[in-house]
Amino acid sequence: MISEQQLKNYGEQGFLVIENFADEAQCDELRARAEELVQEFDPAEVVSIFSTHEQNRLTDEYFLTSGDKIRFFFEENAFNADGTLKYEKEKSINKIGHALHDLDPVFERFSRSQKVKELAAAIGLEDSLLLQSMYIFKQPNIGGEVTCHQDSTFLYTEPIDIVGLWFALEDATVENGCLWAIPGGHRNGLKSRWVRASEGRMKFEIFDAEPWDEEQLVPVEVAKGSLILLHGLLPHRSFENRSARSRHAYTLHLIGAGVEYPEDNWLQRGATLPLKGF
Ligand SMILES: O=C(O)CCC(=O)C(=O)O
């Protein structure tokens, strides 16, 4: 599945590109399914959030209770000042999250496929739990940036044992907003944690206030079907997509089976949908 050398590179760099992990048909199946989900989604309930004076609280709540649901999040630049969408619904959604891998049969089949399971085993996560999934659209023209971060800031475990699997469902280039990463940056510890504070609010707990040295970022351009493995402590980001091409990706986060998963992480599961492994 992956060679000794690749494992070594992953350990040193904190990320690893595995080309041709998914074939054309698998990528297209996930894309078609995401398109269907968007078709079925009625934006009225979410758009209504933008027309209330409680906008911030409701937006936060919609996000913070999405760990065990399939929910739809719009691009920040999707709306006109009057709350209407600038582009059609299909071209306005930033991502779908965060339990596609448990609630949608097509995403579940892919996420728990033999190949993904073997990959997890190859990096020592054979007994891992599938914590989070996202379908990220990075829409043409309005695809928003994701600022530099470590995934462990948002999905913290003790000990830190999390890996992100980022599947390119289309070619990802500098032009359409590919990932960028700081090679080896996972060896410098965790900078912050995003924790639940009182009254449903979130706050950052800062361990190291030094800003990222973004000069060290390198672009990780990949072809459709590639998988990028991301260590939970790896600083990475993506820039805006101002091109006319989308940049669809599917991501899955795995955590070690024996880790402690804190109750003050944003992502929580209700009793009806406990975390599962492969
Ligand atoms: O796909 C992207 O543009 C960024 C995704 C990412 O960094 C994340 O979800 O942690």
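Residues numbered from 1 in each chain as written. Predicted model: local features only at pLDDT ≥ 70, side-chain atom pairs only at ≥ 80, totals over all residues. Heavy atoms only, no water.

### Section: the sheet that holds strand β6 (residues 162-168)
The strand order β1-β11-β6-β13-β4-β3-β2 describes an open sheet built from seven strands, whose pairing is antiparallel. Looking at the sheet topology across the chains shown, the edges are occupied by β1 (15-18) and β2 (70-74). With direction set aside, neighbouring strand axes in the sheet form an average angle of 20°. Relative to strand β13 (residues 249-255), β6 runs antiparallel, the two being bridged by seven bridges. Bridge pairing in β13 links Phe-167 to Tyr-250. On the sheet, helix α1 (residues 4-13) packs against β1, β6 and β11 (227-231) and is oriented at approximately 145° with respect to β1. The sheet strands contacting helix α7 (residues 114-122) are β1, β6, β11 and β13, and the helix crosses β6 at an angle near 140°. (Pairing = 2+ DSSP bridges. Helix = DSSP H or I, 4+ residues; strand = E, 2+ residues; numbered from the N terminus. Axes fitted to C-alpha atoms, helices over the stretch in contact; angles between N-to-C directions. Contact = heavy atoms within 4.5 Å.)

### Digging into the site of the ligand
Near the ligand you find Met-134, Ile-136, Lys-138, Val-146, His-149, Asp-151, Trp-166, Leu-179, His-236, Ser-238 and Arg-247, and these make up its full shell. Protein chains shield 91% of the accessible area of the ligand, which is 290 Å² for the free molecule. Counting only elements with at least two residues in the shell around the ligand, the list comes to β4 (129-136), β5 (146-149) and β12 (236-238). Class assignment for the residues of the shell around the ligand results in five nonpolar, three polar and three charged. (Near = heavy atom within 4 Å. Areas by Shrake-Rupley, 256 points an atom, 1.4 Å probe, with all protein chains shown as cover. Nonpolar A, V, L, I, M, F, W, Y, C, P; charged D, E, K, R; others polar.)

### Quick notes on the pairing of β6
For β6, the buried fraction is high: seven of the seven residues fall into the buried class. What you see with β6 is no split at all: Ile-162, Gly-164, Trp-166 and Ala-168 on one side and Val-163, Leu-165 and Phe-167 on the other are buried throughout. The pairing of β6 with β11 spans five bridges and is classified as antiparallel. Counted as the bridge partner of Gly-164 is Leu-230 from β11. (Buried < 20%, exposed > 50% of the residue type's maximum accessible area, 1.4 Å probe, protein only.)

### Here we look at the nonpolar core
The biggest cluster of nonpolar side chains holds 54 residues, and the ones touching the most others in it are Ile-96, Leu-165, Phe-167, Leu-229 and Tyr-250. Here this core takes five residues from helix α2 (residues 24-40), the largest share from any one element. Beyond its immediate stretch of four places on either side in the chain, Leu-165 contacts Val-116, Leu-119, Leu-227, Ile-228, Leu-229, Tyr-250, Thr-251, Leu-252 and Leu-254. Core analysis: the next-biggest nonpolar cluster, separate from the first, contains 17 residues, Trp-166, Cys-178, Trp-180 and Ala-181 among them. (Core = buried A, V, L, I, M, F, W, Y, C linked by side-chain atoms within 4.5 Å.)

### A short note on the pattern of salt bridges
A complete count under the given rule lists 19 salt bridges for this structure. Residue Arg-245 pairs with Glu-175 through a salt bridge whose shortest N-O separation is 3.6 Å. Linking Arg-245 in the loop between β12 and β13 with Glu-175 in the loop between β6 and β7 (179-181), this pair joins segments that are 70 residues apart in sequence. Of the residues examined, Arg-245 reaches a relative accessible area of 36% and is grouped as partly exposed. In this structure, Asp-208 and Lys-191 form a salt bridge, with 3.1 Å as the shortest nitrogen-oxygen distance. Linking Asp-208 in the loop between β9 (202-206) and β10 (218-220) with Lys-191 in the loop between β7 and β8 (192-196), this pair joins segments that are 17 residues apart in sequence. Residue classification places Asp-208 among the partly exposed positions, given a relative accessible area of 30%. (Salt bridge = Lys/Arg side-chain N within 4 Å of Asp/Glu carboxyl O.)

### A few points about the environment of Asp-171
Assignment of secondary structure puts Asp-171 in the loop between β6 and β7. Considering only alpha carbons, one finds Asp-171 and Lys-224, 53 residues apart in sequence, at a separation of 4.5 Å. Other than its neighbours up to four places away in sequence, Asp-171 contacts Asn-176, Val-222, Ala-223, Lys-224, Arg-245 and Arg-247. Looking at Asp-171, its side chain comes within polar contact range of the main-chain nitrogen of Lys-224, at 2.8 Å. (Polar contact = N/O pair within 3.5 Å; in protein donor to acceptor, adjacent residues only side chain to side chain.)

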